[in-house]
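Single-letter residue listing:
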Amino acid sequence: MCWALQGTGVETLTPVPSLAMTDGILGKAATMEIPIHGNGEAGQLPEDDGLEQDLQQVMVSGPNLNETSIVSGGYGGSGDGLIPTGSGRHPSHSATPAGPGDEVARGIAGEKFDIVKKWGINTYKCTKQLLSERFGRGSRTVDLELELQIELLRETKRKYESVLQLGRALTAHLYSLLQTQHALGDAFADLSQKSPELQEEFGYNAETQKLLCKNGETLLGAVNFFVSSINTLVTKTMEDTLMTVKQYEAARLEYDAYRTDLEELSLGPRDAGTRGRLESAQATFQAHRDKYEKLRGDVAIKLKFLEENKIKVMHKQLLLFHNAVSAYFAGNQKQLEQTLQQFNIKLRPPGAEKPSWLEEQ
């Protein structure tokens with residue numbers, strides 16, 4: 001706000017709006033005259049206090065150009081290279097030339113910018129292709145046989161995860177049963193010493209519980225080995241194959257995105273600028289095609305090896321599980337021990353420490 005002197009006899013101060021205030025009022029008026037409708041015709045814009053407040057907030061929070069500084073050094077340099085522009089004076093041309101460190105910093109910054117630029121373009125193209133496929137507007141490359149095998153693998157993994165969860169539950173129940181049988185056998189043994197008239201009855205019940213506890217520990221070892229093998233198959237072998245499948249699917253999306261881009265450029269007009277873009281798009285498309293073909297072959301090989309490994313592992317584990325459970329509930333202690341020896345399962349005594357990785361080899 002400025003004040004002006006008016007009149008010849010008496011001096012009066014009259015408020016006169018400043019230039020900045022006038023520009024602000026004109027800017028607000030120009031902002032509120034947006035005559036755009038859905039059909040492109042001119043019309044009256046309804047008053048929106050929220051929109052005006054947002055615009056004012058943007059204007060207030062924007063950078064102050066009068067206080068802007070120009071960085072004369074490289075990226076990440078010290079504050080000595082800041083040249084204030086508020087004074088209106090131009091920087092001197094006799095500044096010290098950039099050193100080797102500034103050139104290296106500019107090179108690193110340029111490389112990072114190129115990486116971010118390529119990532120942004122690739123993300124945009126892939127997102128566009130993905131949305132086109134979801135809404136049925138774009139085409140996608142499909143290998144029916146491979147897609148069927150991948151879907152079968154995912155379904156198999158879900159079923160094996162269910163078996164793994166049930167196996168862990170069985171292990172927990174068996175452990176609780178063993179603890180109960182052990183405590184019950186100790187109670188019977190104690191009562192056999194303190195009850196002479198029932199010493200024989202308590203005695204053979206205590207021996208029975210101890211035998212059941214011993215056989216239960218053998219069965220628990222077999223079930224633990226079964227669960228451990230299933231866990232390795234699901235969380236490592238299958239998961240490793242699925243990670244390759246995810247890379248293959250990402251490569252397929254990139255391949256289709258750049259294929260679509262190349263097709264659009266091929267259908268457009270041919271001039272000097274378009275030919276250069278077409279050659280660049282062709283080279284990029286070929287690179288993504290090679291990547292897609294390589295990962296498709298990797299997935300096919302891993303699926304084949306996974307199926308062979310799964311059959312081999314599950315044949316052994318299912319035979320172990322059947323023989324151990326059958327021998328336990330039949331009360332055949334000798335057959336139960338032979339089952340563990342057949343599959344090279346060594347039981348650890350209670351309270352023993354876990355063997356080192358050298359002992360497990």
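As the structure is a prediction and not an experimental result, all values here were calculated from the model. All residue numbers refer to position in the chain's written sequence, counted from 1. Local features in a predicted model are, by the rule used here, given only for residues with pLDDT of at least 70; side-chain atom pairs are given and counted only at 80 or more, and totals for whole chains, interfaces and linings are based on all residues. Only hydrogens and water are removed before side-chain values are computed, so all heavy atoms of the structure are retained for them.

Chemist: What exactly am I supposed to notice about the side chain of His288 here?
Modeler: Only DSSP runs of H or I with at least four residues qualify as helices, and only runs of E with at least two residues qualify as strands; both kinds are numbered from the N terminus onward. With respect to the helices, strands and loops of the structure, His288 is situated in helix H6 (residues 272-330). In this structure His288 touches Asn122, Glu254, Tyr255 and Tyr258, once residues within four positions along its chain are discounted. By definition, residues are in contact when any of their heavy atoms lie within 4.5 Å.

Chemist: Would you take a moment to explain the packing of H6 against helix H7 (residues 333-342) for this structure?
Modeler: Each axis is a line fitted through C-alpha atoms, and for a helix only the stretch in contact is used; angles between axes span 0 to 180 degrees, taken between their N-to-C directions. Packing of H6 against H7 leaves a shortest axis separation of 8 Å and a crossing angle of 160°. With respect to H7, the axis of H6 lies roughly antiparallel. Along this stretch, H6 crosses H7, giving a crossing that reads as left-handed. Across from Leu319, Leu320, Asn323, Ala324, Ala327 and Tyr328 in H6, the residues of H7 making contact are Gln335, Leu336, Thr339 and Gln342. Only Asp, Glu, Lys and Arg are considered charged, only Ala, Val, Leu, Ile, Met, Phe, Trp, Tyr, Cys and Pro nonpolar, and every remaining residue, Gly among them, polar. Here the residues of the contact of H6 with H7 sort into 6 nonpolar, 4 polar and no charged. For classification purposes, angles smaller than 35 degrees are called roughly parallel, those larger than 145 roughly antiparallel, those between 65 and 115 roughly perpendicular, and all remaining angles oblique. Definitions for this section: a left-handed crossing has its near helix turned counterclockwise from the far helix by less than a right angle. A right-handed crossing has that turn clockwise.

Chemist: I'm lost on the confidence of the model for the protein chain in this one. Help?
Modeler: Detailed reading of predicted coordinates is not advised where the pLDDT is low. pLDDT expresses, on a scale from 0 to 100, how confident the predictor is about each individual residue. Put simply, the protein chain has an average pLDDT of 74, and 68% of its residues get 70 or more. The least confident element of the protein chain is strand S3 (residues 69-71), whose mean pLDDT is 37; the most confident is helix H4 (residues 144-194), at 94. Scored below 50 in pLDDT, residues 1-95 makes 57 contacts in the model with residues more than four places away or belonging to other chains. Predicted confidence for residues 356-361 stays below pLDDT 50, and this span has 2 contacts to residues more than four positions away or in other chains.

Chemist: Mind showing me how you'd approach the nonpolar core here?
Modeler: One recurring pattern in soluble globular proteins: nonpolar side chains tend to sit buried together. As used here, the term nonpolar core means buried Ala, Val, Leu, Ile, Met, Phe, Trp, Tyr and Cys residues forming a set that is joined through side-chain atoms within 4.5 Å. The classification of residues rests on relative accessible area computed with a 1.4 Å probe and restricted to protein chains. Under 20% of the type maximum is buried, over 50% is exposed, and intermediate values are partly exposed. In terms of nonpolar packing, the biggest core is built from 42 residues, with Ile150, Tyr248 and Val299 touching the most fellow members. Of all the elements in the fold, those that place two or more residues in this core are H4, helix H5 (199-267), H6 and H7. Residue contributions to this core peak at 18 residues, all from H5. Setting aside residues up to four positions removed in sequence, Tyr248 forms contacts with Asp143, Leu146, Glu147, Ile150, Tyr292, Leu295, Arg296 and Val299.

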